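# A closer look at the structure
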Amino acid sequence: MEQNLPEIFDTIVIGGGAAGITAAIYTVRKNLKVLLLTKIIGGQAALSGDVENYPGFTMITGADLARKFREDLMNFENKGLWIKEGVEVTDLSGADPDFIAKTADGGQYHGRTVIIASGRIPKMLGIPGEKELFGKGVATCATCDAPFYKDKDVAIVGGGNSALDAAFSLQKVARTVVIINTTDTLRGDEILMKNVTSSPKVKVLNNHEALEILGDQAVGGVKIKNRQTGHQQVIPVSGVFVEIGWTPATSFDKLTNKNDKGEIEVDEYGATSVPGIYAAGDVNDVWGEQIVIAAGEGAKTALRVAEHLSKVPHPKTSNLHDG
Ligand SMILES: Cc1cc2nc3c(=O)[nH]c(=O)nc-3n(C[C@H](O)[C@H](O)[C@H](O)COP(=O)(O)OP(=O)(O)OC[C@H]3O[C@@H](n4cnc5c(N)ncnc54)[C@H](O)[C@@H]3O)c2cc1C
């Protein structure tokens, strides 16, 4: 991998989740020289439990799907695709058609274009039990995991649209849903709040905070505190959904325009405000955060990158040298 790196890649893909993997496969199949820089291959898909909504598989675990993504990707390694896994991109600079991606391990790579597919990271509470029981009843994606809580009691921590969305999905299947909200009132779209609070299964505990998630092999309850009275209690639940929002993983990117949620703004082709930089998947402002959506965006963006490059003169020769 370190040998014979092109002086400049046709495209650098940042992030090896569903979006980045698909973008890498599509661009390399367009005969482009592609570098994939990622912390992990698989991204959030690898963290998912049972995935029941990816076409072609009635059900596949997130780990298996990520393994299959990896296998597909590896078919192209050294055939136009260079993969650097376990690296973190810390800085992106330059301009069309010569961008520079720097990594935490001191690497520096040039690309004529860049596809940012770095996804997003859930904001977490940082309370005891949360990390230990993640995937064992602690979850961050109600759309994905709600069906596993049929006729069970669940808690949602949060009070905004993410929490309300989760409550709306969960009240369709769960026996009871309790929303643990730190403020006086829920904060979200009127209609969503009405739909959620009118459900007889949903109970809202305003002015409460979660202190600890309890359980050994699986979640058994959540300890909460009334912020006004200080009274503490344990609510027995099988699932705790942490729905306090998501952060797009863009700390390395000071170049592109973001919306008020920090998502990279893109047009219908995945192009950002900076010519030559594209963004696909959960990191951008396209509505819907799902594996199949991210993969679709990766494909579309890659095709657009190939078209973009066909119209731009090559800035340097792509002679090979030892990297
Ligand atoms: C627990 C859970 C369950 C889910 N279940 C489902 C489900 O059942 N069905 C479904 O369709 N969707 C599900 N989702 C949502 C789905 O996984 C995501 O929408 C999708 O995987 C997003 O893909 P992505 O490629 O855009 O981003 P990600 O999967 O987030 O991938 C981003 C990649 O970028 C890398 N990266 C980030 N920053 C850097 C950096 N600075 N340098 C280098 N690399 C970086 C990360 O390591 C990661 O590999 C679930 C999500 C979670 C968290």
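All figures in this text were calculated on a predicted structure; none of them were measured in a lab.

## Focus: the domain arrangement of the chain
According to the domain assignment, the chain consists of domain 1 (5-121 + 246-321) and domain 2 (138-242). Listed as interface residues are four residues of domain 1 and, on the opposing side, five residues of domain 2. For domain 1, the biggest contributors to the area lost against domain 2 are Asp50, Trp246 and Gln290; these three give 69% of the whole. Where domain 1 meets domain 2, there are zero residue pairs in polar contact (both at pLDDT 80 or more). Here the side of domain 1 that touches domain 2 is composed, by residue class, of one nonpolar, one polar and two charged.

## Here we look at the confidence of the model for the chain
Confidence in the prediction for the chain averages 93 pLDDT; 96% of positions are at 70 or higher. This model gives residues 317-323 a pLDDT under 50, and the stretch forms 19 contacts once residues within four places in sequence are excluded.

## Description of the packing of helix H1 (residues 18-28) against helix H7 (residues 291-310)
To describe two helices that pack against each other, one gives the angle between their axes and the distance between the axes. At a closest axis distance of 7 Å, the pairing of H1 and H7 adopts a crossing angle of 35°. Note on packing geometry: the crossing formed by H1 with H7 is right-handed. Listed contacts from H7 to Ala18, Ala19, Thr22, Ala23, Tyr26 and Thr27 of H1 are Ile291, Ala294, Ala295, Gly298, Ala299, Ala302, Leu303 and Val305. Looking at the contact of H1 with H7, its residues break down into eleven nonpolar, three polar and no charged.

## Describing the packing of aromatic side chains
Evaluation of the coordinates by the stated rule reveals four aromatic pairs. Arranged with centres 5.3 Å apart and planes meeting at 75°, the rings of Tyr149 and Phe241 form a pair that is edge-to-face. Residue Tyr149 is located in the loop between helix H4 (142-145) and strand S12 (153-157), and its partner Phe241 is located in strand S18 (residues 239-242); the two are separated by 92 residues in the primary sequence. The rings of Tyr54, Phe57 and Phe69 are connected pair by pair, giving a single aromatic cluster.

Criteria and thresholds
- Residues numbered from 1 in each chain as written.
- Predicted model: local features only at pLDDT ≥ 70, side-chain atom pairs only at ≥ 80, totals over all residues.
- Heavy atoms only, no water.
- Domains from an automatic or database assignment.
- Contact = heavy atoms within 4.5 Å.
- Buried area = accessible area lost by both parts, 1.4 Å probe.
- Polar contact = N/O pair within 3.5 Å; in protein donor to acceptor, adjacent residues only side chain to side chain.
- Nonpolar A, V, L, I, M, F, W, Y, C, P; charged D, E, K, R; others polar.
- pLDDT = per-residue confidence, 0-100.
- Axes fitted to C-alpha atoms, helices over the stretch in contact; angles between N-to-C directions.
- Helix = DSSP H or I, 4+ residues; strand = E, 2+ residues; numbered from the N terminus.
- Left-handed = near helix turned anticlockwise from the far one by under 90°.
- Phe/Tyr/Trp six-rings, centres within 6.5 Å; stacked < 30°, edge-to-face > 60°.

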